[in-house]
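A closer look at the structure
Now for the letters of each chain:
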Protein chains: 4
Amino acid sequence: MSSYKVRTDLALEAKENMEENAEGCRGVSVEEEYDEEKEIKLTRVVIETKNGSRAMGKPIGTYVTLEAPAMALPDENYHEEISEELAKQLKAIIPGIDKELSVMVVGLGNRDVTADALGPNVVDNLTITRHMVREYGKAAYNQSRIHMISGLIPGVMAKTGMESQEIIRGVVEMTHPDVVIIIDALAARSTKRLNRTIQVTNTGIHPGSGVGNHRNAITEESLGVPVIAIGVPTVVDAATIVSDAFEKMLQLAGEEPLEVQDELFVGLGELYNMYVTGKDVDYEIKQISHIICNAINSALEI
Amino acid sequence: MSSYKVRTDLALEAKENMEENAEGCRGVSVEEEYDEEKEIKLTRVVIETKNGSRAMGKPIGTYVTLEAPAMALPDENYHEEISEELAKQLKAIIPGIDKELSVMVVGLGNRDVTADALGPNVVDNLTITRHMVREYGKAAYNQSRIHMISGLIPGVMAKTGMESQEIIRGVVEMTHPDVVIIIDALAARSTKRLNRTIQVTNTGIHPGSGVGNHRNAITEESLGVPVIAIGVPTVVDAATIVSDAFEKMLQLAGEEPLEVQDELFVGLGELYNMYVTGKDVDYEIKQISHIICNAINSALEI
Amino acid sequence: MSSYKVRTDLALEAKENMEENAEGCRGVSVEEEYDEEKEIKLTRVVIETKNGSRAMGKPIGTYVTLEAPAMALPDENYHEEISEELAKQLKAIIPGIDKELSVMVVGLGNRDVTADALGPNVVDNLTITRHMVREYGKAAYNQSRIHMISGLIPGVMAKTGMESQEIIRGVVEMTHPDVVIIIDALAARSTKRLNRTIQVTNTGIHPGSGVGNHRNAITEESLGVPVIAIGVPTVVDAATIVSDAFEKMLQLAGEEPLEVQDELFVGLGELYNMYVTGKDVDYEIKQISHIICNAINSALEI
Amino acid sequence: MSSYKVRTDLALEAKENMEENAEGCRGVSVEEEYDEEKEIKLTRVVIETKNGSRAMGKPIGTYVTLEAPAMALPDENYHEEISEELAKQLKAIIPGIDKELSVMVVGLGNRDVTADALGPNVVDNLTITRHMVREYGKAAYNQSRIHMISGLIPGVMAKTGMESQEIIRGVVEMTHPDVVIIIDALAARSTKRLNRTIQVTNTGIHPGSGVGNHRNAITEESLGVPVIAIGVPTVVDAATIVSDAFEKMLQLAGEEPLEVQDELFVGLGELYNMYVTGKDVDYEIKQISHIICNAINSALEI
């Protein structure tokens, strides 16, 4: 209906979108699960066919979304429960995790912009083992089996002059991990999902995703190894917020779309490259980084 | 017209507002000056009477605004010109600057939120002299006259549990500066002013101003010494952006305000405590911090 | 013996010093306790008389030292045990903790120097309640009793131009806490204590202590309220290291002090204002900050 | 003489060492130049033969050292002069700089350890052009000729699990720069050179250099393109400081080396992985980062 293309990095929102606007969809399976006690909602969207992919505007693959309203609020015990649930989902989606793996964890984003610093924060605090295992063997950890974990924070194009994909590909070709896990801050469609949703997918990162500019795909196809992406919506496009408010207003008014609407969306141009965050973004990003970091540490313990 | 109260920390915008909505205003004088070569526009708004104050929604005093479109773009020579202009304005507004002063420079805001870190960044990089003068006398600087400069970064209430005003007042009472200069990140009404406008005023900081929550006034009245405030709009309230887009749409449509409008503004509630910034906010804040820091250093050199 | 005055902020080291050099000491009581399972050693030094104070070079009061060799190594469960032990000691030493208190926690030090950032790190991550209790009452926390906790990071004199004491006193007089808890990075005499020792004392902070320059005492006498200081040795004076190596050499050689020794210590002057840290200082400071932060949070929970 | 191997990353110090201990050296040419007005001393050591390389303990190549006593003190005009001199030296040593180059600037070191953050700081503030030139052509800069500049901050092995060399090699193979410039914090032998010396060499980075652990060589041989290294001594090994103090003492005493000396040096083991920095390390690193950043920007302007 609207000429302004609403963009979302969340399969969950793509699905809701589709349901609102269209007839349902073959090639896409959806399972939901709600843990009342823990107040965690899990949604598993599997896009199985090219048709489903077209309808959803997302590649074929699995998208698990974990929603928890209090994710960014202060409550350490609750955070542990979310971490555990996320670890469980990671274990289920990382291929070959029952064997010894070499895993590279990549934190996308700009560490100097609070809402975009999620990826760097996670990798900064991760347990890194690759160098120890290579130097001292497994003995370094008193374990018979251990994953070799490395971490990379490529930085953003404005500061490196390079695509994140170029950097990651180069390092992957030099160090040969079996799987890459990427953490990124996403753009959501609605403020109500900000900092309370984590999406895990085995489809990697696609052009136009994320808070910053990661224009080249970071996927199994481009890197040559499976890519698990963990994304959290930390911002909403400013233009999306205005656009959504319009839709709501028109529904309330019960009116036909105004004639001027198209013209108006042109006016949204000044909102290009602007985004919306909450005032507690620093605290919330810190909490969620902690949750994801613990979940990866836990999933990769043998 | 709108039931949603548009909030701005800029006297410039308050004036534009007033001009749009009303009949002009006694008790407020406005002077503009444009330096074509330097592309710097200076606006001096002086609110002289209580009537003027009421009409503008701002206290009696002087508000100088310096607008420069390329303020946050990379061009060091240009930044020096803006710094010099700002230094000139500061010298004109700081009372007693021709004598030796004790000046406390305060950086408001949250250093962990990029758009709100302007104040802390400026104070972090300032030339501080008070401790040297107290320990070694002016000889420390080989000068016959020197200002004693101190710096304070009080932090935000969510992290200190205290009002910025409480902290500043306490330190002022203990160290007795002659004048306080406060730097703060402001909320603007329009994205077009973000990171390209600097406001200097001798009225201090008032409730509800700024990106964070500085609920108690930081003014000559509350501190007992003159307070010069330097503010830069670095964010726009998310609700303001939506509200403004509406107004524009209705004007384009030539329609009467829709009935639903009031209802709708209630819907904006979810945007409470949300704000809009640009994607290069880290780079831009760094540039402007540098400009203000240099301007204060230069204004306080004897 | 040596003309170079060995400086230590740890009562534990002052005591060892004394025992080596002298005859034992009236007016100082010492209790030790070792938890074999937790590998935590507690030493409680109580200086009871002026004689004891003179002999130790420390003010009258209680000094509890908690030594744990793996304090800064990666082991979250172990860190929890240390946190709990520290919380227990804090509860024992904070006067009036069984009543509702207003507690100001102060993080001394320079957040831009890794080894000196301990205090700021702790306060940055603390649970702060004062503003919530003042705004919403205890209802904000669903509790019948709650401490009002505030946090202050005064910064260092080179960056503020003010003594930490001036800033803290000002804020104390404005906000009237019942007790002040101060966290500071200390200088130890020996590298073997670095980042594995926590000292808690009810005597506050004294001139010449700490990594930075806090030249004025921050004590109950100067602030008017009890001051509990939590200190961790994170650096060793470079001159101390050289001096200690000499002593060791002379002992090994079984020689009389060389004639040149005094001259030589003059040569140590170039080491003035230099200090020694370990290569993992960033990781270790992060771990210990976390331990202390959790301990304070736990001690101040009602 | 001493059984403790003194380590220095500065060719200048290696040369001084050699002169003290030995007979002079063929295969090494040394030129000195002193600009009295600017108080900048330039030393150009060229190691021309294998013999020279062995004697110096450094690879064949050119080492230019720029010494300026006030490098880290506050004086912006002076810093500009040092920047200009450094830019001149860089232009002379970067091969092919008169043509259009693709230059990758790499900041080694740990951004969370103040003394080791020099490299990351420089790259964080550099003018990066590669992405703009690739997207918009030279038109983006209104210039007929421009270098494509990219920046990389690989991080340290403890946090990445990878050798810096692996990361850099991977990115070089993917993005094909014509030359790599590496900035690193070095260990000096003497505190008197700390933060007042810059070394530029065309021999890259060698095992054991630097504050952190960069164990694999980062050189033209390992990367396949010329590698210019810019190094600044920001720390002294703690063991070196003690060892040097001994030598001095023995000279003063006019004694033969004590018998116990070897035993004693074993005792220095506890100083392994400890280093010495000054108390103003944060301020000094910031100043020098600024100088190097400006010099690179200036050298790479066409």
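Residues numbered from 1 in each chain as written. Chains lettered and ligands numbered in written order. Predicted model: local features only at pLDDT ≥ 70, side-chain atom pairs only at ≥ 80, totals over all residues. Heavy atoms only, no water.

**Side note on the overall build of chain A**
Secondary structure summary: chain A contains 11 helices and 9 strands in total. Taken over 302 residues, chain A has a buried fraction of 60%. In chain A, of all internal contacts separated by at least 6 residues, the share reaching a separation of at least 24 is 73%. Accessible surface for chain A amounts to roughly 12,400 Å². Of this, 46% is attributable to carbon and sulfur atoms. (Helix = DSSP H or I, 4+ residues; strand = E, 2+ residues; numbered from the N terminus. Buried < 20%, exposed > 50% of the residue type's maximum accessible area, 1.4 Å probe, protein only. Contact = heavy atoms within 4.5 Å. Areas by Shrake-Rupley, 256 points an atom, 1.4 Å probe, with all protein chains shown as cover.)

**With respect to the pattern of salt bridges**
As enumerated under the stated definition, the model contains 37 salt bridges over all chains in all. Here Asp282 of chain D and Lys159 of chain C are joined by a salt bridge, their closest N and O atoms 3.0 Å apart. One end of the pair, Asp282 of chain D, is in helix α11 (residues 281–299); the other, Lys159 of chain C, is in helix α6 (residues 157–160), on a second chain. Neither residue differs from the other here; Asp282 of chain D and Lys159 of chain C are each classed as buried. By sharing partners, the salt bridges in this structure join Glu13, Glu67 and Arg193 of chain A into a single network. (Salt bridge = Lys/Arg side-chain N within 4 Å of Asp/Glu carboxyl O.)

**Observations concerning the nonpolar core**
In globular proteins that are soluble, nonpolar side chains generally tend to be buried together. By size, the foremost hydrophobic cluster in this structure holds 98 residues, and its most contacted members are Ile292 and Ile296 of chain A together with Ile292 and Ile296 of chain B. In contact with Ile292 of chain A, other than residues within four places in its own chain, are Leu86, Leu118, Val122, Ile183, Ile198, Ile230 and Val232 of chain A. (Core = buried A, V, L, I, M, F, W, Y, C linked by side-chain atoms within 4.5 Å.)

**Things to note about the environment of Leu126 of chain A**
Residues and elements named next belong to chain A. Along the chain, the position of Leu126 falls in the loop between α4 (118–124) and α5 (130–136). Taking relative accessible area as the criterion, Leu126 reaches 8% and is therefore assigned buried. For the pair Leu126 and Ser29, spaced 97 residues apart in sequence, the C-alpha separation works out to 33 Å. Leu126 has contacts with Val105, Ile149, Cys293, Ile296 and Asn297, leaving out every residue within four places of it along the chain.

**Quick notes on the side chain of Thr203 of chain D**
All names here are of chain D. Within the secondary structure, Thr203 is located in the loop between β7 (197–201) and α8 (220–223). For Thr203, a relative accessible area of 8% puts it in the buried group. Leaving out residues up to four positions away in the same chain, Thr203 has contacts with Pro59, Ile60, Gly61, Thr62, Tyr63, Thr219 and Val227.

**Details of the environment of Tyr63 of chain C**
Residue and element names in this part refer to chain C. Position of Tyr63 among the secondary structure elements: in strand β3 (residues 61–67). With 232 residues separating them along the chain, Tyr63 and Ala295 place their C-alpha atoms 17 Å apart. At 2.6 Å, the side chain of Tyr63 forms a polar contact with the backbone oxygen of Pro59. (Polar contact = N/O pair within 3.5 Å; in protein donor to acceptor, adjacent residues only side chain to side chain.)

**Brief notes about the state of the cysteines**
For the structure on display, the rule yields 0 disulfides over all chains. The thiol of Cys293 of chain C is not disulfide-bonded; the next cysteine sulfur, from Cys293 of chain A, is found 17 Å away. Residue classification places Cys293 of chain C among the buried positions, given a relative accessible area of 5%. (Disulfide = S-S within 2.5 Å.)

**Section: the packing of helix α7 (residues 164–175) of chain A against helix α7 (residues 164–175) of chain D**
It is the contact of α7 of chain A with α7 of chain D, at a shortest axis distance of 7 Å, that shows an interaxial angle of 120 degrees. Of the possible angle classes, the one that applies to α7 of chain A and α7 of chain D is oblique. As for the relative orientation of α7 of chain A and α7 of chain D, their crossing is right-handed in sense. Here Glu166, Ile167, Arg169, Gly170, Val171, Glu173, Met174 and Thr175 of chain A of α7 of chain A come into contact with α7 of chain D, specifically with Glu166, Ile167, Arg169, Gly170, Val171, Glu173, Met174 and Thr175 of chain D. Tallied by class, the residues present in the contact of α7 of chain A with α7 of chain D amount to 6 nonpolar, 4 polar and 6 charged. (Axes fitted to C-alpha atoms, helices over the stretch in contact; angles between N-to-C directions. Parallel < 35°, antiparallel > 145°, perpendicular 65-115°, else oblique. Left-handed = near helix turned anticlockwise from the far one by under 90°. Nonpolar A, V, L, I, M, F, W, Y, C, P; charged D, E, K, R; others polar.)

**Side note on the pairing of strand β9 (residues 274–278) of chain C**
Successive residues of a regular strand alternate their side chains across the two faces of the sheet. Counting buried positions along β9 of chain C yields 5 of 5 residues, so the element is predominantly enclosed. Here strand β8 (residues 227–237) of chain C runs beside β9 of chain C; their pairing, made up of 2 bridges, is antiparallel. In the strand pairing of β9 of chain C, Asp237 of chain C is matched with Tyr275 of chain C. Both β9 of chain C and strand β9 (residues 274–278) of chain D contribute to a ladder of 5 bridges, which runs antiparallel. Bridge pairing links Gly278 of chain C to Met274 of chain D in β9 of chain D. (Pairing = 2+ DSSP bridges.)

**Remarks on the packing of helix α3 (residues 76–93) of chain C against helix α11 (residues 281–299) of chain C**
Residues and elements named next belong to chain C. Where α3 meets α11, the closest approach of the two axes is 8 Å, and the angle between their N-to-C directions is 45 degrees. As judged from the angle between their axes, α3 and α11 are oblique. Crossing geometry of α3 relative to α11 is assigned as right-handed. Side by side, α3 and α11 meet where His79, Ile82, Ser83, Leu86, Ala87, Leu90 and Lys91 of the first sit next to Gln287, His290, Ile291, Ile292, Asn294, Ala295, Ile296, Ser298 and Ala299 of the second. Classifying every residue of the contact of α3 with α11 by side-chain character gives 9 nonpolar, 6 polar and 1 charged.

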